[in-house]
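Spelled out, the chains give:
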Amino acid sequence: MSRSRIADLSLLLVALMWGCTFLIVQHAVRVLPPLAFNSIRFTGAALLLALITAVFYRHEWKQLSWRMVLHALLLGLFLFMGYGLQTMGLLYTSTSNTGFITGLSVVIVPFLSLALLKHSISRYTWLSAAIAVAGLYLLTFTGSAFSLGLGDSLVLLCAVAFALQIAYTGVYAPRYPALPLATLQLAVVGLLSIVASLIFDGSVPLLQSRELVREPDVLWALLISIGPTSAFAFWIQTACQKYTTPSRVAIIYAMEPVFAAFTGLVFGGEKLGLSAGLGCLLILAAMLTAELSPAPDKDGSSEEDAVPLASSDG
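Residues numbered from 1 in each chain as written. Predicted model: local features only at pLDDT ≥ 70, side-chain atom pairs only at ≥ 80, totals over all residues. Heavy atoms only, no water.

*Asks:* I tried to follow the side chain of Thr238 on my own but got confused; where do I start?
*Replies:* Secondary-structure assignment places Thr238 in helix H12 (residues 216-240). The buried category is assigned to Thr238, whose relative accessible area is 2%. Residues in contact with Thr238, not counting those within four places in the same chain, are Thr169, Ala173, Ala178, Leu181, Ala182 and Gln185. (Helix = DSSP H or I, 4+ residues; strand = E, 2+ residues; numbered from the N terminus. Buried < 20%, exposed > 50% of the residue type's maximum accessible area, 1.4 Å probe, protein only. Contact = heavy atoms within 4.5 Å.)

*Asks:* Looking at this model, I keep getting lost on the packing of helix H9 (residues 178-200) against H12. Mind explaining?
*Replies:* The geometry of a pair of packed helices is captured by two quantities: the angle between their axes and the separation between those axes. Contact pair H9 / H12: the axes reach a minimum separation of 9 Å and the direction vectors enclose 130°. As summarised for this structure, H9 and H12 are arranged oblique, according to the angle between their axes. Here the hand of the crossing between H9 and H12 comes out right-handed. Across from Ala178, Leu179, Leu181, Ala182, Gln185 and Leu186 in H9, the residues of H12 making contact are Ser230, Ala231, Phe234, Trp235, Thr238 and Ala239. (Axes fitted to C-alpha atoms, helices over the stretch in contact; angles between N-to-C directions. Parallel < 35°, antiparallel > 145°, perpendicular 65-115°, else oblique. Left-handed = near helix turned anticlockwise from the far one by under 90°.)

*Asks:* I'm lost on the nonpolar core in this one. Help?
*Replies:* General note: in soluble globular proteins, nonpolar side chains tend to be found buried as a group. If you look at the biggest cluster of nonpolar residues, it comprises 74 residues, and the most contacted ones within it are Leu79, Val106, Tyr172, Leu186, Tyr253 and Met255. Among the elements that make up this core, the one with the highest residue count is helix H8 (residues 150-172) (12 residues). Not counting the four nearest positions on each side in its chain, Val106 is found in contact with Ala129, Ala132, Val133, Leu136, Ala250, Ile251 and Ala254. The next biggest cluster of nonpolar side chains, apart from the first, holds nine residues, and it includes Val25, Phe37, Leu212 and Ala221. (Core = buried A, V, L, I, M, F, W, Y, C linked by side-chain atoms within 4.5 Å.)

*Asks:* Quick question: what am I supposed to make of the packing of helix H3 (residues 34-56) against helix H4 (residues 66-90) here?
*Replies:* Relative orientation of the contacting elements H3 and H4 amounts to 155°, with a least axis distance of 10 Å. Taken together, the axes of H3 and H4 lie roughly antiparallel to each other. For the element pair H3 and H4, the recorded crossing hand is right-handed. Of H4, the residues touching H3 (which contributes Pro34, Asn38, Arg41 and Phe42) are Leu79, Tyr83 and Thr87. For the contact of H3 with H4, a count of residues per class yields four nonpolar, two polar and one charged. (Nonpolar A, V, L, I, M, F, W, Y, C, P; charged D, E, K, R; others polar.)

Structure (structure tokens):
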């Protein structure tokens, strides 16, 4: 199996972890506010990766440079904006709108790759993106109609931020060792989340976090979020984007709401209607269509979906 296929399967595992733990995190943020939760989540994930690097990959810290720090800062800023704008948007719009608009990053990433990073996009990618958007609509708007408002605009900016994080990870990942880059990126998200939590929620949630993390829902969610769905997930993404394209990553990540839907069906007592089921099948078809395109080589390029390394340093 080629490294590009292994990378795609690894990223599918990330989408699986995110989707299957959505319900757990949703319960936790009812006790600990989202910004305070993210403060602990991403700071803990950064410390975990720093410890792993120090113990097992100490030589990779020798490659640390100011340019790597700046690029990690940019990636971390995009990631923080994605989570922050999504949280703010949820205050003014429905979860259905949020899920669909966030998923639009599957279309935004190819445009960013083409416009900003000069990545050529194959016909398979455009077809996959269109199928994925149709599937996302059916999955998230079962029995309801799509409407736009203030919250939707915030979530659209969130989708752009997530798309930028995916696109620029495709540029920076081949330049640096994955562990330090992922560690620094998550540290930025953690620090910015602390500042945002203090500004918008005040000091009370963070001061009470020691007591709140003892709550079973919060403790369990943090253990999963710090390790598998943050530290290891973004380590995997950073490492794998050396061998696949940003557009494929976005299409694979569109599977997250599918896994979330099935988790809610099995463990949350939720119902999956015919329309939502068809949406799940369309998203799966989109991912399989993307996999039909010629596999990228080790630098992420292929005959039909070439992604030459951009000359911009961000």
